[in-house]
Structures are given as C-alpha cells and as structure tokens.
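Here are the chains, one letter per residue:
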Amino acid sequence: MDSFIIYTQQDIDQLVINRDGETKLGERVVSYPSADGSVSTAVLASSEAKFVLLGIPEDVGVRANSGIAGAASAWRTSLVTFLNIQSNRFLRGNEILVLGHFEIDEPVDSSVAGLRKKVEEIDDLVYPIIEKIVAAGKIPVVIGGGHNNAFPIIKGVALAQNAPIDVVNIDAHADLRALEGRHSGNGFSYALKENYLDHYLMYGLHQNYNNEAILNQIETNPKLDTIFFDDILNAGIDFNGFISKLEGMPGLEIDVDCIQHVLSSAETPSGFAANEIRRMILGCNKQFAYLHICEGATRMLDGRVSRLTAKLIAYLVSDFVKAHATKV
Ligand SMILES: N=CN[C@@H](CCC(=O)O)C(=O)O
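Given the structure is predicted, the values throughout are model-derived calculations rather than measurements.

Definitions and limits used
Each chain has its residues counted from 1, running along the sequence as written. Local features in this predicted model are restricted to residues whose pLDDT is 70 or higher, and side-chain atom pairs enter the listing and the counts only when it is 80 or higher, whereas totals over whole chains, interfaces and linings include all residues. Each side-chain value is worked out from all heavy atoms of the structure, with water and hydrogens disregarded. Within this document, salt bridges are pairs made up of a side-chain nitrogen of Lys or Arg and a carboxyl oxygen of Asp or Glu, the two lying within 4 Å of each other. Working definition: helices are DSSP H or I runs of at least four residues, strands are E runs of at least two. Numbering for both runs from the N terminus. Remark: exposure states derive from per-residue accessible area (1.4 Å probe, protein chains only) relative to the maximum for the residue type, with buried under 20%, exposed over 50%, and partly exposed in between. Helix span, expected: 1.5 Å multiplied by one less than the number of residues in the helix. A single heavy atom is enough: if one lies within 4 Å of a molecule or strand, its residue is considered near that molecule or strand. Whenever two N or O atoms come within 3.5 Å, that pair is a polar contact, provided that in protein one can donate a hydrogen and the other can accept it, and provided that, for residues adjacent in sequence, both atoms are side-chain atoms. Values of accessible area rely on a 1.4 Å probe in the Shrake-Rupley scheme; residue burial ignores everything except the protein chains shown. For this classification, the nonpolar set comprises Ala, Val, Leu, Ile, Met, Phe, Trp, Tyr, Cys and Pro, the charged set comprises Asp, Glu, Lys and Arg, and every other residue, Gly included, is treated as polar. Angles here are taken between N-to-C directions and fall from 0 to 180 degrees, while the axes themselves are lines fitted to C-alpha atoms, restricted in helices to the stretch in contact. Here the word oblique covers every angle except those under 35 degrees (roughly parallel), over 145 (roughly antiparallel) and from 65 to 115 (roughly perpendicular). Should the near helix be turned anticlockwise from the far one by less than a right angle, the crossing is left-handed, and should it be turned clockwise, the crossing is right-handed. For this analysis, residues touch if any pair of their heavy atoms sits within 4.5 Å. Here, two cysteine sulfur atoms that lie within 2.5 Å of each other are counted as a disulfide. Pairing of aromatic side chains here covers Phe, Tyr and the six-membered ring of Trp, requires ring centres within 6.5 Å, and sorts the geometry by plane angle: under 30 degrees stacked, over 60 edge-to-face, intermediate tilted. Ring-over charges, as used throughout, are those where CZ of Arg or NZ of Lys falls within 6 Å of the ring centre and within 35 degrees of the ring normal.

Chemist: Got a sec to walk through the pattern of salt bridges? Specific residues and values, please.
Modeler: Evaluation of the coordinates by the stated rule reveals 12 salt bridges. The salt bridge partner of Arg-63 is Glu-106, with a shortest N-O separation of 2.8 Å. One end of the pair, Arg-63, is in helix α3 (residues 60-63); the other, Glu-106, is in the loop between β4 (96-103) and α5 (112-135), with 43 residues separating them in the sequence. Note that Glu-180 is salt-bridged to Arg-116, the shortest N-O span being 3.9 Å. With Glu-180 in the loop between β6 (165-170) and α7 (187-193) and Arg-116 in helix α5, this pair connects stretches of sequence that are 64 residues apart. Residue class for Glu-180 comes out partly exposed when judged on its relative accessible area of 41%. For Arg-116, a relative accessible area of 17% puts it in the buried group.

Structural data, given as structure tokens:
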C-alpha cells in the first residue's frame, strides 16, 4: 500500500559516511521527532528547521506521458550525496529537517490508462503532506520524481495558503498538455483548471519541444508568460528581471531536463549549463514558497547511468537553502 515513510535519526545516520575531523550535513540535519507514523503540522511547527526535505521516488507520471522510466532513482542517491556535504560556516545542516519519502507501489494495470489512474492516486498521497508542511510555516524542498508532482505540490501549498499561488518553472517543456488523464506533461494544466495556480512563468522553454496548442495557450492566457531558451541564447540570462513581476512568494520548479547532459527522460545536449542554474538560485532576490527538483535520474530503464545527477541535485538544494537562509 502506498504510504509516506518518516525517517528516524538512525535512518539518516546510516546514510552518512563519517570522517575524522569533519562534520557532514547529515550529522547536523534535524529529524522528525515523533514516532507515531503520521506527519503533524504542530510537530513540524515546533522544529528549529525552516526547510523540510522530502522525496517522491516514482516515474509512473513519466511513463504515463510516453517517457522513459528512471526518475524514481534520483531521491536516494541525491539524499546520500546531500547528507555528505560538509557542515561548515556556509551551511550548517540544522536549517533542514529531513522528513522522508513516499513509498509508491507499482500499479497493477500498466496500460496508459492504468498509469494515469495511478498518478491521480499519487496526487492524493502527496498534497496533504505538502499542505501540512506549509501550514507549519516551513518551506518544502521536494526531490522527484516526474514533473506530474508539480500538481499536488501546488495544490498543497494553495490549500495551506487558502489562495491560488504563482509558480516559476525553469524548464524546456511547459507541461501544459491536454487534460487527458494525469501524467508528467500536464501538471500545470490541472493546477490551472482546478484554480490552485495563478500566474505561471516558464523560463527557458525550448521552441522545438512545445506543441502549437501549448504555444497558443501561452500567447492567449494573460496568466502565462515565457522566455524561450532560444531567445536567452541571443539575449543572455535575466532571471531576476523575468520574475520581478510576481508579488509574494511563488513556488520554484526546476526540471533538470533543461540542463544540458543531465540524465532524464528528455535528456538534452543543448540547454542551461549547471552553473547557470546555480547562479540563478544563488543570485535570486525573491523568496520562494517551495522548491521542486524533478525528472532527474541516476539510472534509466534503457541502461543509461549517471552518478552526477545526484551531485547536481545536492548542489541545487544546498544553493537554495543558502540563498534563502538569509531571507527567512
Ligand atoms: N515533464 C516533462 N514533460 C515533457 C516530457 C518529455 C519526455 O519525457 O520525453 C513533455 O511533456 O513534453
């Protein structure tokens, strides 16, 4: 049965490789202090940590969108890499509560309809946990998983805040595909339809990989706006300028298939450099309601492997916490 697994301090300790004379983030991060198996807003609110890290190791949504399985592999490897970053003056570790991950069973029905039904079940599993984290005044940092999980994350944040939220998505794909059953390509379509998403800004879309219907939506819906990667190639990066029109705290989505040579279903030879994304996060003057890093993989069903995905994700998470620690 699908569930959310809460990590104990011992679970976290097992993932840390100790070295004499050094302290790792994993030795300083905070664990969830209750053993009754359920996540409570009150318990979260009492934590010293501002950021709550959790994983959604699944690729059902990618497969339901005719993509290649692999995104389920990113969570554990990224967590281990993150926990083994040095705890030092730049990042201590106690800013972050490592909450756990969703345990998602393989659907019995592996047809497209069956996979899309399963994605709906994942939606219903994910959003209540996100809602509790945000209601506790914390900032969820989510490592996926497919981009389908943008929908339950946006829903959880919107329910906690009692209002639709704005989102910035750094991505090659708009994920505004048709409302044809849930999958990794239509999370934002469902979030708009169900009124959890207000303004939706897409940074770095590839002209080659967004269909005409999606381009029409972006052109005609005043809540949507984009800067294409193809235009950034000519004009340069101005991420802060692009998102400056948003008020309040938007959500931040990073689909790593916009970063060149990162293992994912839609891996690309042309896209942002990893350091450009790091620069956007570290230099961003906005505070975000959540961070969702998705679609990355360390092992694909077709046999491709990359250990670097985990290290990249660990960099992005640590950059986000460092950039935000001074703002919250
Ligand atoms: N979140 C990704 N969305 C892409 C998927 C591409 C792929 O998996 O190959 C899209 O729908 O176009």
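The rest of the description comes next.
Chemist: For α5, give the residues involved together with the corresponding values.
Modeler: With 24 residues, α5 extends 35 Å between its outermost C-alpha atoms, agreeing within 8% with the 34 Å of an ideal straight helix rising 1.5 Å per residue. Among all positions in α5, only Gly-114, Leu-115, Arg-116, Lys-118, Val-119, Ile-122, Asp-123, Val-126, Ile-129, Ile-130, Ile-133 and Val-134 are buried.

Chemist: Any details on the site of the ligand? Residues and values, ideally.
Modeler: Near the ligand, the surroundings consist of Asn-65, Gly-67, His-147, His-173, Asp-175, Arg-177, Ser-184, Gly-185, Asp-255, Ser-265, Ala-266 and Glu-295. At 3.2 Å from a nitrogen atom of the ligand is found a main-chain nitrogen or oxygen belonging to Ser-184. Considering the ligand on its own, with 340 Å² of exposed area, one finds that the protein chains cover 87% of that surface. Residues that form the shell around the ligand fall into these classes: 1 nonpolar, 7 polar and 4 charged.

Chemist: I'd love a proper account of the packing of helix α11 (residues 274-282) against helix α12 (residues 308-325), names of residues and values included.
Modeler: Packing of α11 against α12 brings their axes to within 8 Å, and their N-to-C directions diverge by 20 degrees. What the angle tells us is that α11 and α12 run roughly parallel. Here the hand of the crossing between α11 and α12 comes out right-handed. Across the interface between the two elements, Ala-274, Ile-277, Arg-278, Ile-281 and Leu-282 of α11 pack against Leu-312, Tyr-315, Leu-316, Asp-319, Phe-320 and Ala-323 of α12. Of the residues in the contact of α11 with α12, the class split is 9 nonpolar, no polar and 2 charged.

Chemist: Go over the state of the cysteines with me, naming the residues and quoting the values.
Modeler: Enumeration over the complete set of coordinates arrives at 0 disulfides. Here Cys-294 is not cross-linked by a disulfide; its sulfur's nearest cysteine counterpart is in Cys-258, at 9.2 Å. Its relative accessible area of 0% is what places Cys-294 among the buried residues.

Chemist: Would you mind going over the environment of Ala-191 in detail, with residue names and values included?
Modeler: Checked against the element boundaries, Ala-191 lands in helix α7. Once the C-alpha coordinates of Ala-191 and Asp-255 are considered, the two residues, 64 residues apart in sequence, prove to be 17 Å apart. Contacts of Ala-191, omitting those with residues within four sequence positions, involve Phe-151, Ile-154, Tyr-196 and Leu-197.

Chemist: Which residues make up the packing of aromatic side chains, and what values go with them?
Modeler: The tally for this structure, following the rule as stated, stands at 11 aromatic pairs. Aromatic side chains Tyr-203 and Phe-242 sit 5.4 Å apart centroid to centroid with 35 degrees between the ring planes, which places their arrangement in the tilted category. You can see Tyr-203 sitting in strand β7 (residues 197-205) and its partner Phe-242 sitting in helix α10 (residues 239-243), a full 39 residues away along the chain. Under the relative-accessibility criterion, Phe-242 is labelled buried at 5%. Measuring from centroid to centroid gives 5.0 Å for Phe-229 and Phe-272, while their planes differ by 80 degrees, and the two rings are edge-to-face. Separated by 43 residues along the polypeptide, Phe-229 in helix α9 (residues 229-235) and Phe-272 in the loop between β9 (251-255) and α11 bring together distant segments of the chain. Among the aromatic side chains, those forming a connected cluster through ring pairs are Tyr-203, Phe-229, Phe-239, Phe-242 and Phe-272. A cation over an aromatic ring shows up here: Lys-155 above the ring of Tyr-127, its NZ or CZ 4.0 Å from the ring centre. When the ring centre of Tyr-190 is taken as reference, the NZ or CZ atom of Arg-182 above it lies at 5.4 Å.

Chemist: Describe helix α6 (residues 150-161), listing the residues and the values that go with them.
Modeler: The first and last C-alpha atoms of α6 sit 16 Å apart over 12 residues, in line with the 16 Å expected at 1.5 Å per residue. In terms of residue burial, α6 counts as a mostly covered element, since 9 of its 12 residues are buried. Within α6, burial applies to Ala-150, Phe-151, Pro-152, Ile-153, Ile-154, Lys-155, Gly-156, Val-157 and Ala-158. Remark: Asn-162 follows α6 within two positions and exhibits a positive phi of approximately 60 degrees.

Chemist: Talk me through the environment of Leu-91; I want residue IDs and the actual numbers.
Modeler: With respect to the helices and strands, the residue Leu-91 is situated in the loop between α4 (74-83) and β4. Residue Leu-91 is classed as buried on the basis of its relative accessible area of 3%. Measuring from C-alpha to C-alpha, the distance between Leu-91 and Leu-263 comes to 27 Å, with 172 residues separating the pair along the chain. Residues within four places of Leu-91 in sequence aside, it is in contact with Leu-25, Gln-86, Ser-318, Val-321 and Lys-322.

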